[in-house]
Amino acid sequence: MRHPWPPLACRGRTFAWGQRTYVMGILNVTPDSFYGASRCLDPQEAAERARRLVAEGADLLDVGAESTRPGADPVPEDEELRRLLPALRAVRAAVDVPIAVDTRKARVAAAALGAGADMVNDVSGLRDDPDMARVVARAGVPVIVMHRRPHGFTDYADLWADVRAGLEESVAIAVRAGVPRERIIVDPGFGFGKSPEQNLELVRGLHRLRDLGPVLLGPSRKSTIGHVLGGLPPEERLEGTLALVALAVAAGVDVVRVHDVQATVRAARVADAVVRAGTAAGPEGEVAIELRGLSFWAHHGVLEHERAHGQPFRVDVVATYRRSGGDELAAAVDYAGLYRVVAAEAAGAPRRLIESVAEAVAERVLAFDPRITRVEVAVHKPHAPLGGPAADVAVRVRRQRPAAPWPAGGRP
Ligand code: HH2
């Protein structure tokens, strides 16, 4: 299935949604974050931690200086800046991946963007500070908007309706301020005013948010995992986190925000290999073979004279596959062979609809070589009986190699 959102460019990286799960590593410049091992107030320690997270495979980092755990003391702006900026500068100097600043305050976000951050992660969904959306828009950076309710307010009439409505409003705030729609990432807010059961439901139904934007989830070591496991403390919630990450991948997550990057990257890669069959290598390893303007004489059509005399058809095929190195013919998909299967179908037995022709070509292309993961086929019928002149008439279909079957309710 094609991802509904275009790739996001940030700091020279491309987040090609749907290709794989991106991993965001957490850096807490706080004395009181709920997971003690995630705290690092010293800038040099933060830089060291950032280097390690990137070496372990983090695609981006999230640096925050105010704990969001229930009952945490609110941090005054000056204090948040005092903690954040030296650490952020040290982290920026140490690594080159995109850095999000995790804050609810516009002034803190603006200062952080000036100190090297590349995006904003606002757990209030742009609600707490009326200037936040403007800061994001002016800086031209991506933003993560999260759904949140106050701790304990879990009496939802309809959890999904509430989460969706909240995120829609956050997206609207961002768009009104001038943030381009495709730079908004949505997050249902695992652990923010939800019961354990509601948090688990969020994981199950992540695909319900895909139409709002690429989806981020932050389940890392949160208390729901402790709840399921009979009260285990944050230090003992890694396996539970990895289980949620795998299931979030199955439900269509795009980014996971975690403390344990190496373990998460490994879990996510395996989950990707199951769920995003054939696309786990990401766009780097992909090759698109384009065969365009292939011309055939064929007898497709509904009308008698079309069936009897035939007419010209043109076919375009774009087949994407993962290449695994080497300059040998066997290391690539054979495009002459590909042409032959396209020709056999396009110039073969007459079909009434060019939609059927395009679908049949796409199926043949996927069957031709198991490395082909996606195909797009356009069938042009320039002399189609329209009743008036036209430069072209065409239909286009897309097919993706099916992922492994998944139980109902999971995959989008
Ligand atoms: N969770 C936390 C903080 N920020 N941001 C987003 N977008 N989504 C989340 O789920 C999320 C978040 C809480 O985790 P952590 O930063 O480890 O804890 P603390 O807030 O205590 O520092």
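Refer to the structure above for everything that follows.
Every chain's residues receive numbers from 1 upward, in the order its sequence appears when written. Only residues with pLDDT of at least 70 are given local features in this predicted model, and only at 80 or more are side-chain atom pairs given and counted; all residues enter the totals for whole chains, interfaces and linings. Neither water nor hydrogens contribute to the side-chain values; these are computed over all heavy atoms in the structure.

Enquirer: Sorry, what's going on with the packing of helix α5 (residues 159-177) against helix α6 (residues 196-204) here?
Expert: Under this scheme, a helix contributes an axis fitted over its contacting stretch, all axes are lines through C-alpha atoms, and angles between N-to-C directions fall in the 0 to 180 degree range. The helix count covers DSSP runs of H or I at least four residues long, the strand count covers runs of E at least two residues long, and both are numbered beginning at the N terminus. Two elements in contact, α5 and α6, have axes whose closest approach is 11 Å; the angle formed by their N-to-C orientations is 70 degrees. Relative to α6, the element α5 is oriented roughly perpendicular. The handedness of the crossing between α5 and α6 comes out as right-handed. For the pair formed by α5 and α6, the contact residues are Leu159, Trp160 and Val163 on the first element and Gln198, Glu201 and Leu202 on the second. Orientation is classified from the angle alone, with under 35 degrees giving roughly parallel, over 145 giving roughly antiparallel, 65 to 115 giving roughly perpendicular, and any other angle giving oblique. Note: crossing handedness is left-handed where the near helix turns anticlockwise from the far helix by less than a right angle, and right-handed where it turns clockwise. Here a residue-residue contact requires only that any non-hydrogen atoms of the pair lie within 4.5 Å.

Enquirer: I tried to follow the pattern of salt bridges on my own but got confused; where do I start?
Expert: Here the idea is simple: oppositely charged side chains can pair when their charged atoms come close. The term salt bridge refers to a side-chain nitrogen of Lys or Arg lying within 4 Å of a carboxyl oxygen of Asp or Glu. In this structure the tally under the stated criterion is 41 salt bridges. A salt bridge links Asp131 to Arg134, with the shortest nitrogen-to-oxygen separation between them at 3.1 Å. For every residue, the accessible area obtained with a 1.4 Å probe (protein chains only) is divided by the maximum for its type, and the residue is called buried under 20%, exposed over 50%, and partly exposed between those limits. Among the residues examined, Arg134 registers a relative accessible area of 43% and is labelled partly exposed. A salt bridge links Glu201 to Arg204; the shortest N-O distance between them is 2.9 Å. Of this pair, Glu201 and Arg204 both sit in helix α6, 3 residues apart, roughly one helical turn. What makes Glu201 partly exposed here is its relative accessible area of 22%.

Enquirer: What is the right way to read the site of the ligand from this model?
Expert: The ligand sits among 18 residues. The nearest are Ser33, Ser67, Thr68, Asp187 and His259. N or O atoms within 3.5 Å of each other form a polar contact, as long as, within protein, one can give a hydrogen and the other can take it, and as long as residues adjacent in sequence are counted only when both atoms are side-chain atoms. Note that an oxygen atom of the ligand is positioned 2.5 Å from one of the side-chain N or O atoms of Ser33. In the model, a nitrogen atom of the ligand is placed 2.9 Å from a nitrogen or oxygen of the Asp102 side chain. Contact with the protein chains removes 99% of the 480 Å² of surface that the ligand exposes when unbound. Looking at the shell around the ligand, its residues break down into 6 nonpolar, 7 polar and 5 charged. Any residue with a heavy atom lying within 4 Å of a molecule or strand is counted as near it. Residue burial considers only the protein chains on display, and all accessible areas are found by Shrake-Rupley using a 1.4 Å probe. For this classification, Asp, Glu, Lys and Arg are treated as charged, while Ala, Val, Leu, Ile, Met, Phe, Trp, Tyr, Cys and Pro are nonpolar and the rest, including Gly, are polar.

Enquirer: Honestly, the environment of Leu81 in this entry has me stumped. Any pointers?
Expert: When you line up the elements, Leu81 lands in helix α2 (residues 77-94). On the basis of relative accessible area, Leu81 is assigned to the buried category, the value being 14%. On a C-alpha basis, the gap between Leu81 and Ala112 in space is 8.3 Å, while along the polypeptide they are 31 residues apart. Those residues in contact with Leu81 that lie beyond four places of it in its chain are Pro86, Arg107, Val108 and Ala111.

Enquirer: Sorry if this is basic, but what is going on with empty space enclosed by the protein here?
Expert: Empty space among the atoms can be located by rolling a probe the size of a water molecule over them. Using only the protein atoms, space was sampled on a 1 Å grid; points where a 1.4 Å probe fits but cannot get out form cavities, open sets with protein on both sides within 12 Å along at least five of seven lines form pockets, and lining residues are those with an atom within 4 Å of a point. Grid points are joined across faces, edges and corners, and a volume is the space filled by probe spheres set on the points. According to the stated counting rule, one finds 2 cavities of 30 Å³ or more in the structure shown. Along the walls of the largest cavity sit Leu8, Phe15, Trp17, Met24, Leu60, Met119, Ile144, Ile185, Leu216 and Val255, which together make up its complete lining. For the lining of the largest cavity, the residue count by class is 10 nonpolar, no polar and no charged. Here the second largest cavity is characterised by a volume of approximately 30 Å³. Forming the walls of the second largest cavity are Glu66, Thr68, Asp102, Thr103, Arg104 and Val123. The residue inventory of the lining of the second largest cavity, partitioned by class, reads 1 nonpolar, 2 polar and 3 charged.

So far we have only geometry, and geometry alone does not tell us how the molecule works.
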